[in-house]
Amino acid sequence: MIKPKSENKNRILIVDDDQNALKTMSIVLKQLDVDIYLAGSANQARTIIEETMPDLMLLDVMMPVMGGFSFCSELRKDEKPVKFRSSFDRAQQSF
């Protein structure tokens, strides 16, 4: 069963395996007066999606088990809106 929107607020789901990133993004996005849902994995996100039908999903690109790109491919089949984020540090990238 899909939860009703509280006061017609938009719903944003943030999916990231980094708890600090989840906390930081939720603090920033709360200023937008939206309902925020947090998931530490694609599996957790699936459950939240079924229950809440978010208006927007922010996915970490690099997560264990199923990364953001793979999860996005799954979500795009249902035409769900998705944006990517990554904390990958290019300065640490080896060439």
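Residues numbered from 1 in each chain as written. Predicted model: local features only at pLDDT ≥ 70, side-chain atom pairs only at ≥ 80, totals over all residues. Heavy atoms only, no water.

Taken together, the buried positions of helix H2 (residues 42-52) are Ala 42, Ala 45, Ile 48, Ile 49 and Thr 52. In an axial view of H2, the angular spread of the buried residues amounts to 115°, which keeps them on one side of the axis. Every exposed residue of H2 that faces more than 90 degrees away from the buried side is listed here: Asn 43 and Glu 50. One or two residues past the end of H2 sits Met 53, with phi positive at roughly 50°. (Buried < 20%, exposed > 50% of the residue type's maximum accessible area, 1.4 Å probe, protein only. Helix = DSSP H or I, 4+ residues; strand = E, 2+ residues; numbered from the N terminus. Arc of directions from axis to C-beta.)

With that settled, consider the pairing of strand E1 (residues 11-15). Counting buried residues along E1, five of its five residues qualify, which places the element largely inside the surrounding structure. By the alternation rule, side chains of E1 split into Arg 11, Leu 13 and Val 15 and Ile 12 and Ile 14, which are all buried. The β-α-β motif built from E1, the intervening helix H1 (residues 19-30) and the parallel element strand E2 (residues 35-39) has right-handed crossover chirality. Strand direction decides the pairing type here: E1 and strand E3 (residues 56-60), joined by four bridges, are parallel. (Right-handed = clockwise from strand over helix to strand, strands pointing away. Pairing = 2+ DSSP bridges.)

Another aspect to go through is the pattern of salt bridges. Evaluated as defined, the whole model comprises one salt bridge. Between Asp 33 and Lys 9 there is a salt bridge, with the nearest N and O atoms lying 3.2 Å from each other. Pair noted here: Asp 33 is in the loop between H1 and E2 and Lys 9 is in the segment before E1, with a separation of 24 residues, a long-range link. (Salt bridge = Lys/Arg side-chain N within 4 Å of Asp/Glu carboxyl O.)

Moving on: the confidence of the model for the protein chain. The pLDDT averaged across the protein chain works out to 76; a share of 63% of its residues lies at or above 70. Across the protein chain, the secondary-structure element scoring lowest on mean pLDDT is strand E4 (residues 82-85), at 58, and the one scoring highest is E2, at 94. Confidence drops under a pLDDT of 50 for residues 89-95, and excluding neighbours within four residues, the segment shows one contact in the predicted structure. (pLDDT = per-residue confidence, 0-100. Contact = heavy atoms within 4.5 Å.)

Before going further, it helps to spend a moment on H1. Residues spaced three or four apart along an α-helix face the same direction, because each turn holds 3.6 residues. Taking 1.5 Å of rise per residue, the 12 residues of H1 would be expected to cover 16 Å, and the 16 Å separating its terminal C-alpha atoms lies within 8% of that figure. For H1, every residue scored as buried is listed here: Ala 21, Leu 22, Met 25, Ser 26 and Leu 29. Down the axis of H1, the buried side of the element spans an arc of 125°, and every buried residue falls inside it. What points out from H1, more than 90 degrees from its buried face, is the exposed set Gln 19, Asn 20, Lys 23 and Lys 30. At the N-terminal boundary of H1, the capping side chain belongs to Asp 18, with an oxygen 2.8 Å from the backbone nitrogen of Asn 20. (Expected span 1.5 Å × (residues − 1). Polar contact = N/O pair within 3.5 Å; in protein donor to acceptor, adjacent residues only side chain to side chain.)

Counting 12 residues, the largest nonpolar core is built from Leu 13, Val 15, Ala 39, Ala 42, Ala 45, Ile 48, Ile 49, Met 57, Leu 59, Met 63, Phe 71 and Leu 75. Elements with a contribution of two residues or more to this core: E1, H2, E3 and helix H3 (68-76). Sort the elements by how many residues they give to this core and H2 lands first, with four residues. In this structure, Ala 39 is in contact with Leu 13, Ile 14, Val 15, Asp 16, Leu 22, Gln 44, Ala 45 and Ile 48, ignoring residues within four places of it in sequence. If you look at the next biggest cluster of nonpolar residues, it comprises nine residues, including Ile 12, Ala 21, Leu 29 and Ile 36. (Core = buried A, V, L, I, M, F, W, Y, C linked by side-chain atoms within 4.5 Å.)

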